[in-house]
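# Structural overview for review
Below, each chain spelled out in residue letters.
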Amino acid sequence: MENMKYVQTTCPYCGTGCTFNLVVKDGKVCGVQPYHRSPVNEGKVCPKGTYAWEFVNREDRLTTPLIKKDGKFVEATWDEAYDLIAQKLKSYKPDEMAVLSSARTSNEDNYALMKFARGVLKTRHIDHCARLCHASTVAGLAAAFGSGAMTNSILDIADSKCLFVLGSNTFEQHPLIGRKIVQAKMNGAKIIYADPRYTATAKQADLYMQFRSGSDVAILNGMMQYIIKNGWEDKEFIEKRTKDYEKLKEVVMKPEYDFENVSKISGIPVEQLQQATEWFAKSEASAILYSMGITQHTTGVDNVKSVANIQLLTGNLGKAGAGVNALRGQNNVQGACDMGALPVVFTGYQKVTDPAAHKKFSDAWGFPDGICEPKNGYEVTVMMDVLTDKPGELKAMYIMGENPMLSDPDLTHVEHALKALEFLVVQDIFLTETAQLADVVLPATCYAEKDGTQTSTERRVQMWRTAQAPPGQAKLDWKIIAELSAKMGYPEQFSWKTSEDVFNEIAEVTPSYHGMNYARLNRPEALHWPCPTTEHPGTPILHIGKFSHPDGLGVFHAIEWKPPAEVPDAEYPFILTTGRCIWHWHTGSMTRRSKHLNEEVQTGWIEINPEDAKDLNIVDGEMVKATSRRGTINVPARVTKDIMKGVMFMPFHFAECAANVLTNNVLDPIAKIPEFKACSVKVEKIQEA
Ligand code: SF4
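The residue count restarts for each chain, going from 1 along the sequence in the order it is written. Restriction of local features to residues with pLDDT of at least 70 applies here, the model being predicted, together with a cutoff of 80 or more for giving and counting side-chain atom pairs; totals for whole chains, interfaces and linings are based on all residues. Excluded from the side-chain calculations are hydrogens and water; all other atoms, namely the structure's heavy atoms, are used.

### Observations concerning the domain arrangement of the protein chain
Per the domain assignment, the segments making up the protein chain are domain 1 (4-50), domain 2 (66-129 + 332-528), domain 3 (135-326) and domain 4 (574-685). Domains are outlined according to an automatic or database domain assignment. Domain 3 and domain 4 are separated by 26 Å when their C-alpha centres are compared. Contacts are assigned to residue pairs with any non-hydrogen atoms lying within 4.5 Å of each other. Opposite the 26 residues of domain 3 that make contact, domain 4 presents 23 residues. Note on terms: buried area is the combined drop in 1.4 Å-probe accessible area of two parts once they are placed together, counting the loss on both. Both faces combined, the contact of domain 3 with domain 4 buries some 2,100 Å², and carbon together with sulfur accounts for 56% of it. The three residues of domain 3 that bury the most area against domain 4 are Arg197, Gln296 and Thr298, which together make up 32% of that side's buried surface. Within this document, salt bridges are pairs made up of a side-chain nitrogen of Lys or Arg and a carboxyl oxygen of Asp or Glu, the two lying within 4 Å of each other. In this structure, the connection of domain 3 to domain 4 is made through one salt bridge. Linking Glu607 and Arg197 is a salt bridge whose minimum nitrogen-to-oxygen distance equals 2.9 Å. Under the rule applied, a polar contact is a pair of N or O atoms within 3.5 Å (in protein, one hydrogen donor and one hydrogen acceptor; residues adjacent in sequence only if both atoms are side-chain atoms). The interface formed by domain 3 and domain 4 holds eleven residue pairs in polar contact (both at pLDDT 80 or more) in total. Numbering of helices and strands starts at the N terminus; helices are DSSP runs of H or I of at least 4 residues and strands are runs of E of at least 2. For the side of domain 3 that touches domain 4, the secondary-structure elements that each account for two or more residues are α5 (135-145), α7 (170-173), α14 (292-295) and α15 (300-313).

### Details of the pattern of salt bridges
Pairing between side chains of opposite charge can happen when the charged atoms of each approach one another. A full pass over the atoms with the stated rule returns 38 salt bridges. A salt bridge links Glu233 to Lys235; its shortest N-O distance comes to 3.8 Å. Judged by its relative accessible area of 13%, Glu233 falls in the buried class. In this structure, Lys562 engages Asp302 in a salt bridge whose closest nitrogen and oxygen atoms are separated by 2.9 Å. Within this pair, whereas Lys562 is found in the loop between β20 (554-555) and β21 (574-579), its partner Asp302 is found in helix α15, the two being separated by 260 residues in sequence. For Lys562, a relative accessible area of 44% gives the class partly exposed. Ionic contacts of the salt-bridge type, sharing partners, join the residues Glu566, Asp569, Arg629 and Arg630 into one network. Residue burial is assigned from relative accessible area. The probe radius is 1.4 Å, only protein chains are included, and a residue is buried under 20% of its type maximum, exposed over 50%, and partly exposed in between.

### Focus on the nonpolar core
Among buried residues, the Ala, Val, Leu, Ile, Met, Phe, Trp, Tyr and Cys ones that are joined through side-chain atoms within 4.5 Å form a nonpolar core. Formed by 86 residues in total, the largest nonpolar core has its most connected members in Leu89, Phe116, Tyr398 and Tyr447. Top contributing element to this core by residue count: helix α3 (residues 107-121), with eight residues. Both domains that furnish three or more residues to this core are identified here as domain 1 (4-50) and domain 2 (66-129 + 332-528). Membership of the second largest hydrophobic core comes to 59 residues, among which are Met397, Val601, Phe649 and Val681.

### Thoughts on the sheet that holds strand β18 (residues 460-464)
Any two strands with at least two DSSP-identified bridges between them are counted as paired. In spatial order, the strands read β17-β18-β19; together these three strands make up an open sheet with antiparallel pairing. Of all the strands in the sheet, the pair left with one neighbour each is β17 (452-455) and β19 (527-528). The pairing of β18 with β19 spans two bridges and is classified as antiparallel. Of the residues in β19, the one forming a bridge with Arg460 is His528. The strands that α3 touches are β17 and β18; relative to β17, the one it contacts most, it runs at about 90 degrees. Lines fitted to C-alpha atoms define the axes, with helix axes restricted to the stretch in contact, and inter-axis angles between N-to-C directions lie between 0 and 180 degrees.

### Some thoughts on the environment of Thr16
Along the polypeptide, Thr16 turns up in the loop between β1 (4-10) and β2 (19-25). Measuring from C-alpha to C-alpha, the distance between Thr16 and Glu500 comes to 23 Å, with 484 residues separating the pair along the chain. Beyond its immediate chain neighbours, meaning those up to four positions away, Thr16 contacts Val40, Ile154, His174, Leu176, Ile177, Ser456 and Thr457.

### Examining the side chain of Asp195
Within the secondary structure layout, Asp195 lies in the loop between β9 (190-194) and β10 (207-209). Salt bridges are absent for the buried Asp195, whose nearest opposite-charge side chain, Arg197, sits at 5.8 Å. At a separation of 3.3 Å, a polar atom in the side chain of Asp195 contacts the side chain of Tyr193. When neighbours within four sequence positions are excluded, Asp195 is seen to be in contact with Gly167, Ser168, Tyr208, Met209, Gln210 and Phe211. Only four residue types enter the tally: Lys and Arg on the positive side, Asp and Glu on the negative side; His and the chain ends are excluded.

### Notes on the sheet that holds strand β3 (residues 28-34)
One open sheet accounts for three strands, arranged β1-β2-β3; its pairing is antiparallel. What marks the edges here is a single partner per strand, and that holds for β1 and β3. Direction aside, neighbouring strands of the sheet carry axes that sit 35 degrees apart on average. Summarising the sheet, β1 and β2 pair through seven bridges and their orientation is antiparallel. Paired with Thr10 across the bridge in β2 is Thr19.

### Examining the UniProt feature "domain: 4Fe-4S Mo/W bis-MGD-type" (unreviewed entry) in the protein chain
If you check UniProt for "domain: 4Fe-4S Mo/W bis-MGD-type" (unreviewed entry), the listed places come out as residues 4-60 in our numbering. With 7% helix and 37% strand, residues 4-60 has end C-alpha atoms that lie 25 Å from one another. UniProt positions are given in the numbering used here, feature names are shortened, and annotations may be inferred rather than shown by experiment.

### Here we look at the packing of helix α12 (residues 259-266) against helix α13 (residues 270-282)
Geometrically, a packed helix pair is captured by the angle between its two axes and the distance between the axes. Look at α12 against α13: their axes get within 9 Å of each other, and the N-to-C directions meet at 110 degrees. Relative to α13, the element α12 is oriented roughly perpendicular. Both α12 and α13 take part in a crossing whose hand is right-handed. Between α12 and α13, the contacting residues are Phe259, Glu260, Val262 and Ser263 on the first element and Val270, Leu273, Gln274 and Thr277 on the second. Residue polarity follows a fixed list, in which Ala, Val, Leu, Ile, Met, Phe, Trp, Tyr, Cys and Pro are nonpolar, Asp, Glu, Lys and Arg are charged, and the others, Gly among them, are polar. Classifying every residue of the contact of α12 with α13 gives four nonpolar, three polar and one charged. Orientation categories follow fixed angle ranges, with anything under 35 degrees roughly parallel, anything over 145 roughly antiparallel, 65 to 115 roughly perpendicular, and all other angles oblique. Take the far helix as your reference; a near helix turned counterclockwise from it by less than a right angle gives a left-handed crossing, and one turned clockwise gives a right-handed crossing.

### Comments concerning α5
With respect to burial, α5 is a largely interior element, eight of its eleven residues being buried. Those residues of α5 that sit buried are Ala135, Ser136, Thr137, Val138, Gly140, Leu141, Ala144 and Phe145. Looking at the buried side of α5, the elements it contacts are α4 (130-133), β12 (286-290), α14, α15, β13 (323-326) and β20. Phi turns positive, to about 90 degrees, at Gly146, one or two residues after α5.

### Focus: the site of the ligand
By nearness alone, every residue bordering the ligand is listed as Cys11, Tyr13, Cys14, Thr16, Gly17, Cys18, Val45, Cys46, Lys48, Gly49, Pro175 and Leu176. Elements with a contribution of two residues or more to the shell around the ligand: α1 (47-50) and α8 (175-186). Being near a molecule or strand, for a residue, means having at least one of its heavy atoms within 4 Å of it.

### Some words on the packing of aromatic side chains
To describe a pair of aromatic rings, you give the distance between the ring centres and the angle between the ring planes. Aromatic pairing here means that ring centres of Phe, Tyr or Trp (its six-membered ring) are within 6.5 Å. Orientation follows from the plane angle: under 30 degrees is stacked, over 60 is edge-to-face, and everything else is tilted. The tally for this structure, following the rule as stated, stands at 28 aromatic pairs. Here the aromatic rings of Phe367 and Tyr490 are separated by 5.2 Å at their centres, their planes lie at 70 degrees, and the arrangement is edge-to-face. Here Tyr490 lies in the loop between α21 (477-487) and α22 (499-509) and Phe367 lies in the loop between α17 (355-365) and α18 (380-389), a separation of 123 residues in the sequence. In this structure, Phe367 and Tyr490 share a single accessibility class: buried. Taken together, the aromatic side chains of Tyr111, Phe346, Phe361, Trp365, Phe367, Trp478, Tyr490, Phe494 and Trp496 make up a single cluster linked through ring pairs. Here, a charge over a ring means that NZ of Lys or CZ of Arg falls within 6 Å of the ring centre while also lying within 35 degrees of the ring normal. The ring of Phe346 has Arg118 lying over it, and the distance from NZ or CZ to the ring centre is 5.3 Å. Sitting above the plane of the Phe649 ring, Arg197 keeps its charged end 3.5 Å from the centroid.

### Looking at helix α9 (residues 216-229)
To estimate the expected span of a helix, subtract one from its residue number and multiply by 1.5 Å. Taking 1.5 Å per residue, 14 residues should reach 20 Å; α9 reaches 20 Å between its end C-alpha atoms and fits that length. Burial within α9 is extensive, with 13 of its 14 residues counted as buried. Once α9 finishes, Gly231 follows within two positions and takes phi at roughly 70 degrees, a positive value.

### Structural notes on unusual backbone geometry
Here Trp529 and Pro530 are connected by a cis peptide whose omega angle stands at 0 degrees. In this model, Asp26 sits at a positive phi of 50 degrees, which is unusual for a non-glycine residue. Here Asp26 is to be found in the loop between β2 and β3.

As structure tokens, then:
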């Protein structure tokens, strides 16, 4: 048909990075069709991918800049919005401003905002929502291996002989990675699954171990003790490729980590622990897949280091079918981290405190008045605390494509924090809960309206391609930042004409992206970083032969198990854990605007074990009151044996029954990630008036 075309692009939802064709009719995106040449998903997509076109042309897309006057938004021109933002931001000192970048937008957008923060505003305070999902991975794996990313590739999962899936509901959160688990199983692999909920992923497992949220380190230490006692460790690997093994041994061989005790801590029967450990240790190649069940704890970094420990112990690194496969959440959370949208690094994890790196970026960017100080900035969770606890220290914030008013823990606290700002700019595609609090809102483009790149969980850098024009006056995110920077006196530093120009600058300053360009990325398999030269084929498997530390060795860490910060007591007797469902994505700003996805699941719920429901006199479907030390919500009950007694589960996508009103803003001391996966709650029947 003349007015119809297919545009190949990459899914804007999860970190799997599936490719599909957007169907465009009369200049408007109107469907998704398979693209069979992508090795990641081979033409398949999950429900979110299938309907990833439905929000694009919604009538409530932001189409013009908005300025708040007397508490109400008024439409403005771009010049009016830029002038106001420039005038306000110029009135603050660098350290009084903070920037939140976005794992939903492209690498080019993240790079532009990072350069804006450090070069134009000269602030140290830039972060993004990786803080809420995999900050523990970046810190934990970097400590163990010298690089904080997923070690193996998605395709490689199908070659594993044993998969231990821990704290990841892969079939709902990364469905096309779930497909690789099925392929591994069909190839004869054993699948072990550990999670507090009997999820869709549990149904595929050869062995399902239901455990109490927050007992991961005890389980892993116990498994390592059992491996060592049975002589199943890989002695040659430990000898040649690792250090600090004796320190690990000293801790994991303690009596408190024998399976009798681990069973008491975790709730997993001893026989299951033994079976899982034997399968895992004896297979030729065993991989661990984990997600936020591991990372979102006050012990998130400890949990990640423990996962690394067991793979170092069994020699399951630097080879096919093995590895530590941290499944990153959002489409471009890996890329946003790679682009330096973090308070401690420039692109490619070059430390801001390293004088050589600081000089390199200062020279490359050429700001005549210099860039931010070579000091670490605040993490997003710390920014919120500073706003409430140290009034006046932070005064202005610029948020691109994030929605902390639904995604962050303890929402009452977040609301107080954002309302304490003197000036808030939000750049987004919809008027989110956070945008509603802004002084200025800027309309941005979505994935279907831009060329650009995103980096999936497996470090594969893939292309977005423009399928339609943006609505109204909406603009590319990097272009908005470049135009604003020009208004603030820095036109030369942001003189890019195309997304490709931005990417070429990224490749120039980022060693792991040096060998990439749009011509090389514009093919179905794209490229995995590190890709240091234009001849380099990319690196699907990390740590072959040596680790990324200067001495090439992997490092064991001796980790003791610690319980969650909040444990059940007489007043709040249940553990609450949170997560996602297959139909919705994060704060629902896109999926809840997709007709089909919203029809499938229209609101949130709380899962309650039948025995607990009986004790509480609650029946399936009734509205109940859930309360933590932070707040109270009313939410429909879902009574199900899928959740273990004493534990409750809520998805966090839904503003009308927001799980994060209840969650605890207590942080891992290193990664500053909040403990979303365990807080204490009480649940009550709502008494009729
Ligand atoms: Fe999109 Fe993830 Fe589904 Fe693939 S698995 S279609 S990337 S949401």
